[in-house]
Amino acid sequence: MAKQYAVIGMGRFGTSVASELYEMGYEVLGIDTNEDKIQDAVDFVTHAVTADSTDDNALKALGIRNFDVVVVAIGADIQASILTTLILKELGVKKIVVKAQNELHGKVLTKIGADKVVYPERDMGIRVAHNLISPNILDY
Ligand code: ATP
């Protein structure tokens, strides 16, 4: 069976991850507290749900532990990002990928059990720099 993904936070990063997975043919659940974001997400995810990921009962009700990978794409609200990661871990989610705001945030996420921590702005900056030096290398 094809892998199932959930993306929490439909900001620029979460939207990009979710829509790309959906384009590749995977089932994607999009979650956000903001109803407008969820209205927009309907076009590029399989299911879009308005919910607060810091509410463990809401995540349980969505059957979040049955997803193969959950991406936490909450940015500015570091507390919500940490609480969400902790809840996902406690609910037994197999693979948790989390966007970090900074190194310290990333360290906390790793300590509480995030399987992968990503720093989109930093990583993209590094890629752009490398691409400027050797534009012929296809790094995708
Ligand atoms: P980006 O750079 O990816 O646009 P950002 O770093 O500016 O994002 P935010 O806009 O703060 O991040 O958060 C991304 C999304 O996460 C927002 O749409 C926000 O509504 C959503 N979000 C924040 N807290 C929660 C939560 N507790 N549960 C679900 N969604 C949340």
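Residues numbered from 1 in each chain as written. Predicted model: local features only at pLDDT ≥ 70, side-chain atom pairs only at ≥ 80, totals over all residues. Heavy atoms only, no water.

As named in an unreviewed UniProt entry, the protein chain is Potassium transporter Trk, taken from Effusibacillus dendaii.

### What to know about the site of the ligand
In the vicinity of the ligand, 20 residues are found, and the nearest of them are R12, F13, D32, D52 and K99. In the model, an oxygen atom of the ligand is placed 3.0 Å from a nitrogen or oxygen of the K37 side chain. In the model, an oxygen atom of the ligand is placed 3.1 Å from a nitrogen or oxygen of the A76 main chain. Protein contact buries 81% of the 640 Å² of open area that the ligand shows by itself. A breakdown of the residues in the shell around the ligand according to their chemical character gives eight nonpolar, seven polar and five charged. (Near = heavy atom within 4 Å. Polar contact = N/O pair within 3.5 Å; in protein donor to acceptor, adjacent residues only side chain to side chain. Areas by Shrake-Rupley, 256 points an atom, 1.4 Å probe, with all protein chains shown as cover. Nonpolar A, V, L, I, M, F, W, Y, C, P; charged D, E, K, R; others polar.)

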